[in-house]
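Each chain, letter by letter, is given below.
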Amino acid sequence: MFLKMVKNDFIRNKIVTMTVFLFITMAVILAASAIHNIANLIQGISSFQVSAVPADMTVMHAGEYDQAEIDQFTEQYRDHIAMQETMVLQNIDGSNIHFGQNQTMAGTIQDISFVVQNKHFDFIVDLDNEKLDVKEGFVAVPIYFMEQHDLEIGDTITVKSGWYEKAFVISDYARDFEMNSPLTSSKRFVINQDDYNEMLKMQAGELEYLIEFKLNETGDPAAVQTAYNEAGLPANGPILEGKIFAIFNSMSDMIVALVIIFISILLLVIASLCIRLTFLATIDEDIREIGVMKAMGISKKDIKKVYLNKYSVISAAAGIIGYLMSFAVVNLLNSNMRLYIASDLSGSLKYILSLIAPLLVYFMIVMYCKQVLKRIDKISAVEALRSDIMEGGKNRRYSFPLLQNKFFSTNMYMGLRDVGKRFKLYRLLLVIFIVCTFIVILPVNMYNTMNSPEFSSYMGIGKQDMRIDLRRTDSITEDFNKLQEELQNDSDIEKYAPYITSSYKVKNAEGTWDNMNIEIGDFSVFPLKFLEGRAPEGEGEISLSLAHAAKDGLNKKVGDEVTVRAGGEEQTLTVTGIYQDITNGGKTAKAHTSLGVNEEAVLWYIVSLDLAEGVDVRGKMDYYQNAYSTAQVNDIKEYTQQTLGNIIDQMGTVVIGGIAIAIIIAVLITALFLRMLLSKDMSQIAIMRSIGLTSKQISHQYMAGNLMVLLLGIILGVLAANFLGEILVSMAMSSMGAAKIKFVHIIWQTWLLCPLALMIAVGLTIFMSCRVAVKDDLSVVLRS
Amino acid sequence: MTNIIEAKSMTKKVALGKENELPILRDVNLEVKEGEFVSVMGPSGSGKSTLLYNISGMDRMTSGSVKFKGREIGSLKEEELAKVRLKTMGFIFQDINLLKNLSLIDNIMFPALVPTDADKHAVNQRAKKLMKMTGIEKLANHNITQGSGGQLQRVGICRALINDPDILFGDEPTGALDSQSTEEIMSILAQINKNGTTVMLVTHDVKVAAKTERILFMVDGDIVSQKKIGKFDAQQGDRKEREESIMKWLMENGF
């Protein structure tokens, strides 16, 4: 009996049932895959961590260095520190690494270093998470570069630096727990000890030290870091805590998983709306039957069961199918993880965790149905039998009289006023159109913003045509002076400004000293947008990035004072402004030139420049790149792209995906909605035809109403994506250092192209779905 | 007087399952003259309403011919047929069939406002005049839930008349009304007919039929008999005689 009723109902509403089933299945597939992926990520990261044994604290340092001091410190803090190891990196510029047909790795923003495997911890592993053991003449290349340059095992890379030249055959991928992610700006190539010694002897690269500590189980990294800073040990680079590496490793997969969960929630909302619509339509159709059943004395519970049964069956079937299919779908999502984190993803956690998705979806749908079905409680048997009362019994003031219409034909006005009259019904469609527009426009806005020169304001730099970055080399100071001289005499350059970043000590909220990178220079040449206050203009002034000024940073406001120390001398600086910056972990600072450079810890030099009008930017960039081979010359767009890694590319994919998903959802729901609306209005349509309206005229009424809802939905959707989207993105980005994102709007895309795509697709659907059938005899409907 | 309707060998069949057909109208022949007041009687299922729906073109007949003012209804396309219904026919139903979301006056005006060149002011004036004529002028801005059956049926009549049709069809227009309302509605229809509009209605009620001038009697999908009783004149006071003669005639025909 139970199955027979479900079957009959299914046959009666084939298309609607299939659509709801499809949405719920999709939601389960996506949610289960995402949870599956998160489970894989947790297991993958932990097994990767077991093989790689990453350091709990890593200090980066370049310049003078004495291992004895470090050993003494280690002994002193034995109750915290279990092991210490110093990895000596030989930094090679990307332009000195050759591969393929005359290609080099120049232009990368990554610092490349050649290392040998550590002895005790922080191991670099292969794709099987086995500790790498590289033979002489071979090299293990970081996954990032293997991907970036399409390298394969067996390919050759050649390092040419000064007198040194050696070809290495790639024997492995290097999976590096600490420096895997594109977000960490260094990458380690692993070579054999003999090759390494030869390279060292030939002084092929700049030396940099990774002073690494593995702590005891009870060791406190914060305490060790403070002690290390206070002991004045070598640390002119950043000090990194171990947990940051796990975050970097999991970030991109985590973001993908969260986006998928978000989409699956969206699908569930849509499925729920469909169910609501189906219920309202079928209950309206069946209202007399409900009345008869009630009059016969059948209980409310049993009546509801008739409606609920179907959706219990659908949810259960969708849950099972979705759960099983998620095992196939998850493979499409985890290719990045299999490469970067764990090739073997065979844990059992995922089977149990991803069961949450179908169970949750099942209960949500059933609960939701029960909620909607409460409407049946309110219908009395008499009311149900006199169903007209249900529809228009309210004594409200009459709105939208026909004669009030001044602009449209009466026929079209009938369609438009219907939306106002039955807004509760059209509300569903409006929400769908708003949501669909939102998921098209938001990624477009984000993509355009990231791709625009304006984005520089979120990277702590002013708008400029070009920038030249000089990293640490022996000749850095000479190069920097020579470059400035050349720029001074280059008539193609309209203006330029040099900036020097060096590391200082800064007194934190607890009164101890932390490292802080401060950039000095004249910030009036390429003005930066400040969230609050202004740029440092005179002596004793500093401005802080948002992350530094935040409560969990230095906790400073404009006008507060900051104490910095360089070379034993302390200076108190006043905070003049706070700006947004997502580079360098969001923690940067800018001070007036009078602060002076901390010569012991210069990190990098930058020259920003604007070209005179009509000068070819590309040509100028090539010139300076050739003249200063160790420099990185980028226009702002390139700089943004390299800094944000492949986020911009991914955003491009999201834009396309968003458009496709939005159009599919909008078209499906519109078709479904109109089908139900037309069947609900069957008798009203027959009345209109009986008094002499053509089926075309009636179709036009529905088209007018629905197109108006579409237009309204698109306008509200675009506004929501523009304003609400900005707030959402700012919230998401605030952890990265930018709390006030202002979208760059490309008007023809946000207000014309994207809405037009949606308009055409949905408009066609409305056009096709609004056709009123003319075959049937009117008397059949009128007298039924 | 010329014929406004001429039906020849009109048949209507409906499908019963995949292979069987049930004939509802069988070879019906009929003529209605302009300005005539005709009623159709017969037992339930005899095809009275179907006859009306097929003549007016709301249903498509299976075979035969119906000419409305000399134009063959069967060969008209949907749009032409709709235009004919809009401009020259009015239809009143037993279930009244008003549009739910329109006020009473908007329901009346709607058919006249559909043409894009409609003079809204004139339409409004005419609607008010019709409402006054039918005694519902005070209900103009009411919802359809706020009127009694009799009042709503008058709205239905006003709507049918708004485009000044040549013929008014009524499918048991008083079927759901009490005797008082039936009286009132019938005098309105008589008045309309007196003004020159042809009226053709289906009824079970002898009292209603007695107000018309010709009665058709249908059995099993065909008109088997007809009776002319001439125009009814309330002043003459022959109402009872008319009703009795109809009763007698019906009994002779086995009703």
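Above this text sits the structure in question.
The rules behind these values
- Residues numbered from 1 in each chain as written.
- Chains lettered and ligands numbered in written order.
- Predicted model: local features only at pLDDT ≥ 70, side-chain atom pairs only at ≥ 80, totals over all residues.
- Helix = DSSP H or I, 4+ residues; strand = E, 2+ residues; numbered from the N terminus.
- Buried ≥ 20, exposed ≤ 12 C-beta atoms within 10 Å, placed from the backbone.
- Pairing = 2+ DSSP bridges.
- Axes fitted to C-alpha atoms, helices over the stretch in contact; angles between N-to-C directions.
- Contact = placed C-beta atoms within 7 Å.
- Parallel < 35°, antiparallel > 145°, perpendicular 65-115°, else oblique.
- Left-handed = near helix turned anticlockwise from the far one by under 90°.
- Expected span 1.5 Å × (residues − 1).
- Bend = angle between axes of the 7 residues up to and from the residue.
- Nonpolar A, V, L, I, M, F, W, Y, C, P; charged D, E, K, R; others polar.
- Right-handed = clockwise from strand over helix to strand, strands pointing away.
- Core = buried A, V, L, I, M, F, W, Y, C linked by C-beta atoms within 7 Å.

*Asks:* Would you mind going over the overall build of chain A with me for this structure?
*Replies:* Helix and strand counts for chain A come out as 25 helices and 22 strands. Principal-axis analysis of the C-alpha atoms gives chain A an extent of 100 × 60 × 55 Å. Residues classed as buried in chain A amount to 42% of the 784 residues present.

*Asks:* Explanation requested: the sheet that holds strand E3 (residues 37-41) of chain B in the structure shown.
*Replies:* All names here are of chain B. Spatial ordering of the open sheet is given by E6-E7-E8-E3-E9-E10, a layout of 6 strands whose pairing is mixed. Bordering the open sheet on either side are strand E6 (89-93) and strand E10 (222-228), each of which pairs with just one other strand. Neighbour to neighbour, the strand axes of the sheet diverge by 15 degrees on average, direction disregarded. Alignment of E3 against strand E9 (residues 214-219), held across 4 bridges, turns out to be parallel. Among the inter-strand pairings, Val 40 is bridged to a residue of E9, identified as Leu 216. Helix-sheet contacts for helix H1 (residues 48-55) involve E3, strand E7 (167-171), strand E8 (198-202) and E9, and the interaxial angle to E8 is about 145 degrees.

*Asks:* Could you clarify how one ought to interpret the packing of helix H3 (residues 104-113) of chain B against helix H4 (residues 120-133) of chain B in this entry?
*Replies:* Residue and element names in this part refer to chain B. Where H3 contacts H4, the axes come no closer than 10 Å and their chain directions differ by 135 degrees. By the angle between their directions, the pair H3 and H4 is classed as oblique. In terms of crossing hand, the pair formed by H3 and H4 is right-handed. Seen from H3, the contacting residues are Ile 105, Ile 108, Met 109, Ala 112 and Leu 113; seen from H4, they are Lys 120, Val 123, Asn 124, Ala 127, Leu 130 and Met 131.

*Asks:* What is the right way to look at the sheet that holds strand E5 (residues 71-72) of chain B in this model?
*Replies:* Strands pair in a sheet through their backbones, by hydrogen bonds, and they do so in one of two ways: parallel or antiparallel. Residue and element names in this part refer to chain B. The strand order across the open sheet built from 4 strands is E2-E1-E4-E5, with neighbouring strands paired in antiparallel fashion. The outermost strands of the open sheet, each flanked by one partner alone, are strand E2 (20-33) and E5. Here 10 bridges tie strand E1 (residues 3-16) to E2, and the two strands are oriented antiparallel to one another. In the strand pairing of E2, Ile 5 is matched with Val 32.

*Asks:* What should I look at first to understand helix H12 (residues 356-378) of chain A in this one?
*Replies:* Residue and element names in this part refer to chain A. If you check H12, its first and last C-alpha atoms are 34 Å apart, about what 23 residues at 1.5 Å a residue would give, namely 33 Å. Maximum bend of H12: about 25 degrees, positioned at Val 372. Residues of H12 that are buried: Ala 357, Pro 358, Val 361, Tyr 362, Ile 365, Cys 369, Val 372 and Ile 376.

*Asks:* Sorry, what's going on with the packing of helix H2 (residues 14-52) of chain A against helix H9 (residues 300-333) of chain A here?
*Replies:* The axes of two packed helices give the description: the angle between them and the distance between them. All names here are of chain A. Where H2 meets H9, the closest approach of the two axes is 7 Å, and the angle between their N-to-C directions is 45 degrees. In terms of orientation, H2 lies oblique with respect to H9. Regarding H2 and H9, the two cross each other, and that crossing is right-handed. Between H2 and H9, the contacting residues are Thr 17, Val 20, Phe 21, Ile 24, Thr 25, Val 28, Ile 29, Ala 32, Ser 33, His 36 and Asn 37 on the first element and Ile 314, Ser 315, Ala 318, Gly 319, Ile 321, Gly 322, Tyr 323, Met 325, Ser 326, Val 329, Val 330 and Leu 333 on the second. Here the contact of H2 with H9 is built from residues that sort into 14 nonpolar, 9 polar and no charged.

*Asks:* Explain the pairing of E8(B) here, please?
*Replies:* The side chains of a regular strand alternate between both faces of the sheet. Residues and elements named next belong to chain B. The buried count for E8 comes to 5 of 5 residues, which makes it a mostly enclosed element. What you see with E8 is no split at all: Thr 198, Met 200 and Val 202 on one side and Val 199 and Leu 201 on the other are buried throughout. In this sheet, E8 lies alongside E3 in parallel orientation, the contact comprising 4 bridges. Looking across to E8, one finds that Phe 37 is bridged to Val 199. Across 5 bridges, the pairing between E7 and E8 is parallel. Considered in E8, the bridge of Ile 167 is made with Thr 198. Read from E7 through helix H6 (residues 179-194) to E8, the crossover connection turns out right-handed.

*Asks:* Just to check I follow, could you spell out the interface of chain A and chain B for this structure?
*Replies:* Where the parts come together, the accessible area they lose is often given as the size of the interface. With 28 residues of chain A in contact, the opposing surface of chain B contributes 33 residues. Sorting the residues of the side of chain A that touches chain B by element identifies helix H14 (387-392), helix H15 (410-421), helix H22 (682-690), helix H23 (695-734) and helix H25 (778-782) of chain A as the ones contributing at least two each. Classifying every residue of the side of chain A that touches chain B gives 11 nonpolar, 12 polar and 5 charged.

*Asks:* Would you explain the nonpolar core in this entry?
*Replies:* Within soluble globular proteins, side chains that are nonpolar tend to cluster in buried spots. All names here are of chain A. Ala 27 and Val 190 are the most contacted members of the largest nonpolar core, which has 268 residues in total. Residue contacts for Ala 27: discarding those within four places in its chain leaves Ser 264, Leu 267, Leu 268, Ala 271 and Val 361. Within the second largest apolar cluster, 6 residues are counted, among which are Ile 283, Ile 303, Val 306 and Tyr 307.

*Asks:* I keep staring at the environment of B:Leu139 and nothing clicks. Help me out?
*Replies:* Residues and elements named next belong to chain B. With respect to the helices and strands, the residue Leu 139 is situated in the loop between H4 and helix H5 (149-161). Of the residues examined, Leu 139 has 19 C-beta atoms within 10 Å and is grouped as partly exposed. The spacing of Leu 139 and Asp 178 is 39 residues in sequence and 20 Å in space, taken between C-alpha atoms.

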